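Next come the chains, spelled out residue by residue.
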Amino acid sequence: MTTLRSNRRNIVRLTISYTLIIFFIIIFFIPTYWMISSSFKLPKDILSIPPKIIFKPTLDNYKCVLLGTSTVGKTTMPMVVDFPKYLLNSIIVSFSSTFIALLISVPAGYTLARYKFKGKATMGWYILMTRMLPQFGLLIPFYIIFSKLGLIDTYIALILVNLTFILAFSVWMMKGFFQEIPHELEEAAQIDGCTRVQAIFRIVFPLASPGMAATAIFLIILCWNEFLFALILTGSNAKTATVAVYNFVTFREVVWGGLTAAGTLITIPVVIFFLIVQRSFIRGMTMGAIK
Amino acid sequence: MGKFSKFSTRNFHYFSLLPVVITLIFLTLFPIIFTLFLSFHEWSVETGRPIFNGLANYINMIKDNNFWNGLRCTFTYTFLAVGFEFILGFVIALLLNQKIKFIGVFRFFLILPMVITPVVIGLTWRIMYSPSFGLINYFLSLLGIAPKAFLSQPQTAMYSLIFTDIWQWTPFMFLMIYAGLQVLPNEPYEAAIVDGASSFQVLRYITIPLLKNIIVLAIIFRTIDAFFSFDIIFILTKGGPGTATQTLNIYTFYTGFNWLNLGYAAAIATIMLVIIVSIVFLLTRIAGISLMEVD
């Protein structure tokens with residue numbers, strides 16, 4: 001039963017909300033927009049002030065990045081060969097790392113959320129502490145170990161490094177999201193005749209899917225944007241796109257056209273992943289059904 | 001049930017944690033011990049190999065102005081960045097938690113800053129802050145304000161870095177809190193409406209307590225990342241002008257890789273670990289939750 005007054009209040013609230021949302025989105029989007037639009041501009045248009053909103057678009061930047069051609073307009077660009085290969089490397093490394101991490105951290109997170117046992121605090125805190133290790137404390141030891149094992153410039157090295165960062169995050173995030181789900185639900189299901197495992201799959205997992213989706217997205221992003229270790233630990237075989245982009249920064253100048261084109265291309269796989277995964281952000285779908 | 005089934009069910013918790021714990025110990029134990037070990041040695045260009053020097057590195061650190069400057073920069077950066085990211089992220093998450101159209105589109109645009117590769121973010125923002133080519137100064141000029149060299153003046157450099165960090169990582173806070181909001185049960189809210197609670201009361205007494213775990217975790221992880229922030233700071237200011245934005249991590253980088261004073265760098269790294277562990281511990285105490293409890 002809604003009164004006229006509460007309807008009006010609703011409209012006001014919604015208008016303010018929409019306005020604020022649009023405001024934030026514009027602010028957050030401006031730099032990204034600059035990157036994307038610059039990737040279609042000729043060199044002379046990119047840095048001009050006032051910013052050129054209307055310009056003659058060109059695909060030369062993308063041709064340079066994808067095909068390795070070296071002239072855009074009338075400028076010669078540094079050759080970046082094999083960019084698609086580096087993009088593929090990024091995809092392989094990031095998705096493998098995320099997959100492995102999720103596989104072993106979801107059960108771990110669930111256990112930390114639900115059980116009490118000896119050594120829980122120690123294990124939990126050690127896991128968390130691995131996230132707090134300074135990069136430079138890991139860099140040299142990793143380089144030494146991987147050199148000795150002949151793993152420099154391989155996918156495995158990068159995946160292992162990624163796991164070092166993302167496991168702690170993944171475990172603790174899943175723990176947090178599992179803790180949000182009241183354990184009465186599983187118990188109710190078990191009383192109704194499910195085994196514990198069935199209860200977990202039928203009830204807990206669907207409810208945890210927004211959390212799992214968010215965690216998966218972050219893991220991919222963390223792996224995808226990893227720069228320092230990829231820079232040091234890889235050569236031309238396993239180099240990731242994140243590092244390859246740095247080729248557009250030479251001694252004399254930054255090649256903005258190529259950089260922004262490469263930057264835009266690098267964004268695409270992660271964005272696609274996000275779009276696929278964001279279907280999981282559905283509001284408490286099964287909550288009502290259970291009651 | 002066979003013997004193994006019984007054994008594994010009863011010890012399920014250990015088995016499920018085993019892969020993670022073993023992987024992490026395997027990967028991190030050597031580096032931790034190595035760095036700690038190195039911090040008690042001097043290993044520089046002069047010495048050529050590590051030479052034991054006891055607590056000398058740590059004592060020098062206390063006397064090192066750059067260390068204290070680094071500490072101050074790091075704390076300013078971390079505290080301000082995470083603080084604003086949390087508030088903004090929370091507000092945006094609440095805004096998008098309503099029944100509004102185009103929510104998918106909004107979510108999409110909001111996560112973009114996190115997704116762009118650091119090198120591009122760094123260089124893009126370097127240009128944006130530029131006095132001659134930058135968009136920010138362009139907008140300011142439209143308002144009649146004189147252009148500022150954001151990144152080359154000590155006073156504004158740090159705040160510019162923080163602003164970029166906020167731009168990049170507010171989506172993280174937003175997404176975490178938003179995901180948390182999706183799973184909240186309906187009953188407390190229905191009861192609140194029946195009791196006639198105001199929106200503010202609902203927020204304070206229902207939403208925030210229910211989200212406490214997620215909020216604390218999001219803040220902890222963002223704090224850790226901001227504490228160790230490197231890529232963006234390095235590309236934007238390299239720690240400058242002078243040492244105005246030389247956070248501890250940047251200082252460690254210079255110490256270890258530029259001046260090749262590896263023993264000292266290891267000592268700073270060790271202290272950084274101690275500091276961040278203490279901060280995280282404090283955060284959990286302040287939040288009044290023991291992360292090890294089960295509800």
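Residues numbered from 1 in each chain as written. Chains lettered and ligands numbered in written order. Predicted model: local features only at pLDDT ≥ 70, side-chain atom pairs only at ≥ 80, totals over all residues. Heavy atoms only, no water.

## Details of the overall build of chain A
Put simply, the rule is: Under the scheme used here, helices are H or I runs from DSSP no shorter than 4 residues and strands are E runs no shorter than 2 residues, and both carry numbers assigned from the N terminus. Each residue is assigned to one of three classes by its accessible area relative to the maximum for its type, calculated with a 1.4 Å probe on protein chains only: buried under 20%, partly exposed between the two thresholds, exposed over 50%. By the convention used here, residues are in contact when the closest approach between their heavy atoms is within 4.5 Å. Method for areas: the Shrake-Rupley scheme with a 1.4 Å probe, in which residue coverage is limited to the protein chains shown.
From N to C terminus, chain A includes 13 helices and two strands. For chain A, with 291 residues in total, the buried portion stands at 55%. Sequence-distant contacts in chain A: of pairs separated by 6 or more residues, those separated by 24 or more amount to 72%. Counting only carbon and sulfur atoms, one obtains 69% of the accessible surface of chain A, whose full area is about 13100 Å².

## Observations regarding the overall build of chain B
The test is simple: Note that His is not counted, nor are the chain ends; the positive residues are Lys and Arg, and the negative ones are Asp and Glu. The location of each charge is read from NZ of Lys, CZ of Arg, CG of Asp or CD of Glu.
Each helix and strand in chain B was counted, giving 13 helices and two strands. Viewed in the frame of its principal axes, chain B has a C-alpha envelope of about 75 × 75 × 30 Å. Long-range pairs, those at least 24 residues apart, make up 66% of the contacts in chain B between residues at least 6 apart in sequence. Approximately 13300 Å² of chain B is accessible, and the part contributed by carbon and sulfur atoms is 70%. Positive and negative side-chain charges of chain B, numbering 16 and 12 respectively, have mean locations separated by a distance of 3 Å.

## Some points on the packing of aromatic side chains
Defined as follows: Pairing of aromatic side chains requires ring centres within 6.5 Å, counting the rings of Phe and Tyr and the six-membered ring of Trp. Pairs whose planes differ by under 30 degrees are stacked, by over 60 edge-to-face, and all others tilted.
The full count for this structure, using the stated rule, is 42 aromatic pairs over all chains. Consider the rings of Phe136(A) and Phe230(B), whose centres lie 5.3 Å apart with planes at 80°: the pair is edge-to-face. Here Phe136(A), found in helix H6 (residues 135–148), pairs with Phe230(B), found in the loop between helix H10 (199–227) and helix H11 (231–236), and the two come from separate chains. Comparing Phe136(A) with Phe230(B) shows no difference in burial state: the two are buried. Counting every residue linked through ring pairs, the aromatic cluster contains Phe136(A), Phe230(B), Phe234(B), Tyr251(B), Phe253(B), Tyr254(B), Phe257(B) and Trp259(B).

## Observations concerning the interface of chain A and chain B
Accessible area lost upon the coming together of the parts serves often as the stated size of an interface. How we decide: When a carboxyl oxygen of Asp or Glu is within 4 Å of a side-chain nitrogen of Lys or Arg, the pair counts as a salt bridge. Here a polar contact means two N or O atoms within 3.5 Å. Within protein one must be a hydrogen donor candidate and the other an acceptor candidate, and residues neighboring in sequence count only if both atoms are side-chain atoms. Polar here means any residue other than Ala, Val, Leu, Ile, Met, Phe, Trp, Tyr, Cys and Pro, which are nonpolar, and Asp, Glu, Lys and Arg, which are charged; Gly is therefore polar.
Facing the 103 residues of chain A at the interface are 102 residues of chain B. Our enumeration of links across chain A and chain B arrives at one salt bridge. One salt bridge connects Arg131(A) with Asp225(B), and the closest N-O pair in it is separated by 3.0 Å. In this assembly, chain A and chain B are joined by 12 residue pairs in polar contact (both at pLDDT 80 or more). Secondary-structure elements contributing two or more residues to the side of chain A that touches chain B are helix H1 (4–38), helix H4 (83–114), helix H5 (120–130), H6, helix H7 (155–180), helix H9 (196–224) and helix H12 (256–277) of chain A. Considering each element in turn, the side of chain A that touches chain B owes the most residues, 17 residues, to H1(A). When grouped by side-chain class, the residues that make up the side of chain A that touches chain B number 75 nonpolar, 18 polar and 10 charged.

## Some remarks on the packing of helix H4 (residues 65–96) of chain B against helix H8 (residues 154–182) of chain B
All names here are of chain B. Rules: In this description, a line fitted to the C-alpha atoms serves as the axis of each element, helices being fitted only across the stretch in contact, and the angle between N-to-C directions of two axes falls anywhere from 0 to 180 degrees. What sets the label is the angle itself: under 35 degrees gives roughly parallel, over 145 gives roughly antiparallel, 65 to 115 gives roughly perpendicular, and the rest give oblique. Each crossing gets its handedness from the near helix: less than a right angle anticlockwise from the far helix is left-handed, clockwise is right-handed.
Their axes nearest at 6 Å, the elements H4 and H8 cross at an angle of 40°. As judged from the angle between their axes, H4 and H8 are oblique. Here H4 and H8 pass one another in a crossing that is right-handed. When the residues that make up the contact of H4 with H8 are grouped by side-chain class, the tally is 24 nonpolar, three polar and two charged.

## Some remarks on the side chain of Thr237(B)
All names here are of chain B. Mapped onto the elements, Thr-237 comes out in the loop between H11 and helix H12 (248–258). Owing to a relative accessible area of 11%, Thr-237 belongs among the buried residues under this scheme. A distance of 2.8 Å separates the side chain of Thr-237 from the side chain of Thr-245, its partner in a polar contact. Excluding anything up to four places from it in sequence, Thr-237 contacts Leu-151, Leu-161 and Thr-245.

## Focus on the packing of H10(B) against helix H13 (residues 262–286) of chain B
Residues and elements named next belong to chain B. Running from amino to carboxyl end, H10 crosses H13 at an angle of 160°, the nearest separation of the two axes being 10 Å. With respect to their mutual orientation, H10 and H13 come out roughly antiparallel. Here H10 and H13 pass one another in a crossing that is right-handed. Residues Ile-219, Ile-220, Thr-223, Ile-224 and Phe-227 of H10 touch H13, and the partners they reach there are Met-272, Ile-275, Ile-276, Ile-279, Val-280, Leu-283 and Thr-284. Residues that form the contact of H10 with H13 fall into these classes: 10 nonpolar, two polar and no charged.

## As for the environment of Pro31(B)
Relative to the assigned elements, Pro31(B) resides in helix H2 (residues 12–38). Once residues lying within four places of it in the same chain are set aside, the contact partners of Pro31(B) are Gly137(A), Leu138(A), Pro141(A) and Phe142(A).

## Re the nonpolar core
Convention followed: Note on terminology: a nonpolar core comprises buried Ala, Val, Leu, Ile, Met, Phe, Trp, Tyr and Cys residues joined through side-chain atoms within 4.5 Å.
Counting 183 residues, the largest nonpolar core has Phe83(A), Leu96(B), Phe172(B) and Met176(B) as the members making the most contacts within it. Apart from the residues within four sequence positions on either side, Met176(B) is in contact with Phe169(A), Met173(A), Phe177(A), Ala214(A), Phe218(A), Ile214(B) and Ala218(B).

## As for H6(A)
Residue and element names in this part refer to chain A. Under the convention used in this document: The span one expects for a helix is its residue count, reduced by one, times 1.5 Å.
Here H6 contains 14 residues, and its C-alpha end-to-end distance of 20 Å stays within 8% of the 20 Å for a straight helix at 1.5 Å per residue. Within the sequence span of H6, burial applies to Gln-135, Phe-136, Gly-137, Leu-138, Leu-139, Pro-141, Phe-142 and Phe-146. Looking at the residues trailing H6, positive phi occurs at Gly-150, about 70°.

## Quick word on the confidence of the model for chain B
Residue and element names in this part refer to chain B. As a reminder of what qualifies: Values of pLDDT, which run from 0 to 100, indicate the predictor's confidence residue by residue.
Summarising the model, chain B shows a mean pLDDT of 87, and 94% of its residues fall at 70 or more. Within chain B, the element-level pLDDT minimum falls on helix H1 (residues 3–10), averaging 63, and the maximum on H4, averaging 94. Interface scoring of the predicted complex returns ipTM 0.85; its pTM is 0.88.

## Quick notes on the pattern of salt bridges
Tallying each qualifying case throughout the model produces four salt bridges over all chains. Its salt-bridge partner being Glu85(B), residue Arg222(B) comes within 2.8 Å of it at the nearest N-O pair. Here Glu85(B) lies in helix H4 and Arg222(B) lies in helix H10, a separation of 137 residues in the sequence. Comparing Arg222(B) with Glu85(B) shows no difference in burial state: the two are buried. Members of the salt-bridge network, linked through shared partners, are Arg131(A), Glu85(B), Asp165(B), Arg222(B) and Asp225(B).

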